[in-house]
Amino acid sequence: MTATPLALRTIGVDLCANPYPIVIGEGALEQLGAQVLAQGIKAGTKVLVVTNPVVNEHYGAPALASLQGAGFECQRLVIEAGEDQKTPATVAKIHDAAFAQKLERGSLMVALGGGVVGDMTGFAAATWLRGIAVVQVPTTLLAMVDASIGGKTGVNHPGGKNLIGAFHQPRLVLIDPNTLQTLPPREFRAGMAEVIKYGVIGDAELFSELESAEARLASMESLPAALLQRILERSAAAKARVVAADEREGGLRAILNYGHTLGHVVEALCGYGTYLHGEAVAIGMVAAGELALELALWSEGDQRRQRQVIAAAGLPLQWPDLDGEAVLACLQGDKKVQSGKVRFVLPTSLGNVEIRADVRGDQVLAALKRCR
Ligand code: NAD
Ligand code: GLY
């Protein structure tokens, strides 16, 4: 007996100027063409699908078949995989393909892949002819719940990650959980860190659901399809709410950086590539939880529960052996520092956070000592 596929669900990103849907469900990839048509993009439109070798091997053909079946005029560009490819030079290759295909103002780019493909294709679309439409088709858990939603696009600069970029909202985000079946397990667990983040920053019900599924969180195989669908929907809805309230990160959107401020320190000081981004965020959330304890913002019990879910998802908890002065210097280099003050997103309970710019260096170091 084969399981009945779950229906596609739609979550709106309710921006005033440019609202768009996030369509989630098993088999969504086969409906890519129909879903693009449903956004008012007409048959005959030129479409450049950007992907990477591994994603192309698994999902390039069905994505193109669906778009061509709906009458789109498609070309495919396969770029190299990896964070080290997230550069202006790779964006130039996407622009070269756009030029060769003679993409016009009304044309479309489709990003088929993880956050690296999504961020670069989004940026190429934002800058080609001063901005053409982009559809995000994320194929990693991290990109499904975070990178594909919200319009942050860009590339890295030798001086730091994502320093070059633009806000450019997609016309559609299409999430097919079936594509996660080929995702390496470590990448799946890294994406789960961002899911846990949504629970802690604003969705206590999601957090409780993760707690009750603790034994099944660490792998795609052990997670029932209905639970994965719910996790994707709740995470996408959480991100959509924040983005709709604060598209350009004037205030509230900064809460999405929970675990990231200290996580970035781990990534930078341990060397990019030692930890996956989601793993560093997991360590950063544990550290932020300890800092919240240091400031008496939340309870030992909440921090214990946070630690337990992170551990159950197979993610690291322990702060690496890093020099304290280097940690404080690295924090000062954070993109979100304002007037020399580091802004920490700290939990006050499971489902609530606040932003604090008054944390002293000695309090940070005391908290990190307890994470060793
Ligand atoms: P990634 O794009 O590098 O993908 C991780 C690995 O998984 C790659 O090797 C990729 O080839 C492979 N892969 C992707 N989908 C697969 C699949 N279905 N099956 C098999 N292999 C697959 O990494 P990521 O974690 O998706 O994204 C990280 C990037 O996203 C970073 O550059 C980060 O800065 C960015 N990001 C952006 C935002 C945003 O708001 N724009 C938010 C979070 C992260
Ligand atoms: N990933 C953080 C944001 O989208 O704002």
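Structure first, text after, so check above.
Calculation rules
Residues numbered from 1 in each chain as written. Chains lettered and ligands numbered in written order. Predicted model: local features only at pLDDT ≥ 70, side-chain atom pairs only at ≥ 80, totals over all residues. Heavy atoms only, no water. Near = heavy atom within 4 Å. Polar contact = N/O pair within 3.5 Å; in protein donor to acceptor, adjacent residues only side chain to side chain. Areas by Shrake-Rupley, 256 points an atom, 1.4 Å probe, with all protein chains shown as cover. Nonpolar A, V, L, I, M, F, W, Y, C, P; charged D, E, K, R; others polar. Phe/Tyr/Trp six-rings, centres within 6.5 Å; stacked < 30°, edge-to-face > 60°. Lys NZ or Arg CZ within 6 Å of the ring centre and 35° of its normal. Helix = DSSP H or I, 4+ residues; strand = E, 2+ residues; numbered from the N terminus. Salt bridge = Lys/Arg side-chain N within 4 Å of Asp/Glu carboxyl O. Buried < 20%, exposed > 50% of the residue type's maximum accessible area, 1.4 Å probe, protein only. Axes fitted to C-alpha atoms, helices over the stretch in contact; angles between N-to-C directions. Parallel < 35°, antiparallel > 145°, perpendicular 65-115°, else oblique. Left-handed = near helix turned anticlockwise from the far one by under 90°. Contact = heavy atoms within 4.5 Å.

J.: So, the site of ligand 2: which residues are in play, and what are the values?
T.: Close contacts around ligand 2 come from Asp146, Lys152, Lys239, Glu249, Arg253 and Leu256, and that covers them all. With respect to ligand 2, the side chain of Lys239 contributes an N or O atom lying 2.5 Å from an oxygen atom. Its free accessible area being 200 Å², ligand 2 has 87% of it covered by the protein chains. A per-class count over the shell around ligand 2 returns one nonpolar, no polar and five charged.

J.: Provide a residue-level description of the packing of aromatic side chains, including the pertinent values.
T.: This model, assessed by the stated rule, comprises zero aromatic pairs. Cation over ring: Lys197 sits above Tyr198, and NZ or CZ is 4.9 Å from the ring centre.

J.: Could you give me a rundown of the site of ligand 1, with the residues and numbers involved?
T.: Looking at ligand 1, there are 25 residues lining it, with Glu83, Lys86, Thr139, Thr140 and Thr182 nearest. Within the side chain of Lys86, an N or O atom sits 2.7 Å from an oxygen atom of ligand 1. About the coverage of ligand 1: the protein hides 87% of its 860 Å² of free accessible area. Elements with a minimum of two residues in the shell around ligand 1: α2 (53-69), α4 (115-127), α5 (141-147) and β8 (160-167). Of the residues assigned to the shell around ligand 1, the class counts are nine nonpolar, eight polar and eight charged.

J.: An account of the pattern of salt bridges is requested, with residue identities and associated values reported.
T.: Scanning the model with the defined rule gives 19 salt bridges in all. Among the ionic pairs, Arg9 bridges to Glu233, the shortest N-O distance being 3.3 Å. A residue pair is termed long-range when its members are at least 10 positions apart, and Arg9 in strand β1 (residues 9-13) and Glu233 in helix α8 (residues 225-245) qualify at 224 residues. Residue class for Arg9 comes out partly exposed when judged on its relative accessible area of 47%. Classification of Glu233 as buried rests on a relative accessible area of 12%.

J.: How would you sum up the packing of helix α12 (residues 324-332) against helix α13 (residues 361-369)? Please name residues and give values.
T.: The interhelical angle for the contact between α12 and α13, taken along N-to-C directions, is 120°, at an axis separation of 11 Å. In terms of orientation, α12 lies oblique with respect to α13. Between α12 and α13 lies a crossing whose hand is right-handed. On α13, the residues that touch Gly324, Val327, Leu328 and Leu331 of α12 are Gly361, Val364, Leu365 and Leu368.

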